[in-house]
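As a plain string of letters, each chain reads:
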Amino acid sequence: MNLPPLVQTFVLHFGEMGGRWGVNRTVGQIYALLFVSPQPLVADDIVEALGVSRSNVSMGLKELQAWNLVRLQHKPNDRRDYYSAPEDVWQIVRTLVEERKKREIDPTLSMLREALMERPESDYERHAQERMRVMHELMDMMSDWYEDVRRIETERLVQLMKLGSRITRLLETADRLNFMAPRKKKPSGGDDEPPDPSA
């Protein structure tokens, strides 16, 4: 691997982490190399830099393209394909989250919806279905939350993330203000509590 020591450390680390993220070592290394490269690279550049076979590089680039994590470019009077990673790290994060949602969350939500429509035949199935309902509610809430966050502009999202634990204090303040706000009486003028039918 003929790379500067700093770049080599970064590339090797991403190769090791690749297995934990569900991709092979070469894919992780290719992405890391493209991410820090000052200019787009052709496949031969990647082969030379990483010391891996051309076929491994080709398969790795196809996988990264399927994840929308690399861009294919062309230059005038040059028939070769040039590859680069998006410059905006927030775009990369959004792409990763979107792709993982499509591949992992959406299929699970579909399966859970179908399972919840089934009629349970035993106490065991009723218990299992109730546990599935809890899981579905959580995952559905996460999916809705993601859709809301996806529409937030990057600048706003950065501000939101920088708030950190201050968001909790803001919510606590809102709760106190709601508690202190006068409660509206019902049009009938009765109490807030419904009448006791046994009285």
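Values in this document were obtained by computation on a predicted structure and should not be read as measured data. (Residues numbered from 1 in each chain as written. Predicted model: local features only at pLDDT ≥ 70, side-chain atom pairs only at ≥ 80, totals over all residues. Heavy atoms only, no water.)

Caption draft 1: Up close: the nonpolar core. Ranked by internal contacts, the top residues of the largest apolar core, which has 25 residues, are I30, L33, L34, I46 and L61. Of all the elements in the fold, those that place two or more residues in this core are helix 1 (5-18), helix 2 (25-36), helix 3 (43-50) and helix 4 (54-66). No other element matches helix 2, which puts six residues into this core. Among residues more than four places away in sequence, those in contact with L34 are L41, I46, L61, V70, Y83, S84 and A85. (Core = buried A, V, L, I, M, F, W, Y, C linked by side-chain atoms within 4.5 Å. Buried < 20%, exposed > 50% of the residue type's maximum accessible area, 1.4 Å probe, protein only. Helix = DSSP H or I, 4+ residues; strand = E, 2+ residues; numbered from the N terminus. Contact = heavy atoms within 4.5 Å.)

Caption draft 2: Region of interest: a nonpolar patch on the surface. Side chains of F35, V36 and V89 sit close together on the surface and give an oily, nonpolar patch of about 220 Å² of accessible area. With respect to the helices, strands and loops of the structure, V89 is situated in helix 5 (residues 89-117). Residue V89 is classed as partly exposed on the basis of its relative accessible area of 42%. (Patch = residues over 30% accessible without salt bridge, like charges linked within 9 Å, V, L, I, M, F, W, Y side chains within 5 Å. Areas by Shrake-Rupley, 256 points an atom, 1.4 Å probe, with all protein chains shown as cover. Salt bridge = Lys/Arg side-chain N within 4 Å of Asp/Glu carboxyl O.)

Caption draft 3: Main features of the packing of aromatic side chains. In total, this model carries three aromatic pairs according to the counting rule given. Aromatic pair Y31 and F35: ring centres 6.2 Å apart, planes at 35 degrees, arrangement tilted. In this pair, Y31 and F35 are both assigned in helix 2, four residues apart and thus about one turn of the helix distant. Taking the relative accessible area as the measure of exposure, Y31 reaches 11% and is therefore buried. (Phe/Tyr/Trp six-rings, centres within 6.5 Å; stacked < 30°, edge-to-face > 60°.)

Caption draft 4: Examining the pairing of strand 2 (residues 78-84) more closely. With four bridges connecting them, strand 1 (residues 71-75) and strand 2 associate as antiparallel partners. For R71, the partnering residue across the bridge sits in strand 2 and is S84. As consecutive antiparallel partners, strand 1 and strand 2 are separated by two residues, and within that stretch N77 has a phi angle of approximately 60 degrees, a positive value. (Pairing = 2+ DSSP bridges.)

Caption draft 5: Seen up close, the layout of surface pockets. By volume, the largest pocket is sized at about 480 Å³. Lining the largest pocket are 18 residues, and of these V97, M142, W145, Y146 and V149 lie nearest its centre. Residue assignment for the lining of the largest pocket shows that the elements contributing at least two residues are helix 5, helix 6 (123-150) and helix 7 (154-163). Among the elements that make up the lining of the largest pocket, the one with the highest residue count is helix 5 (eight residues). Residue classes in the lining of the largest pocket are distributed as 12 nonpolar, one polar and five charged. Estimates place the volume of the second largest pocket at around 290 Å³. Taken together, 13 residues line the second largest pocket, and the ones lying closest to its centre are W21, V23, Y31, L69 and L96. (1 Å grid on protein atoms, 1.4 Å probe; cavity = no way out; pocket = protein on both sides within 12 Å on 5 of 7 lines; lining within 4 Å. Points joined across faces, edges and corners; volume = space filled by probe spheres on them. Nonpolar A, V, L, I, M, F, W, Y, C, P; charged D, E, K, R; others polar.)

Caption draft 6: Broad picture of unusual backbone geometry. In the Ramachandran plot, N68 falls in the positive-phi region, its phi being about 60 degrees despite a non-glycine side chain. When you line up the elements, N68 lands in the loop between helix 4 and strand 1. For N77, which is not glycine, the phi torsion reads 60 degrees and is therefore positive. Mapped onto the fold, N77 is located in the loop between strand 1 and strand 2.

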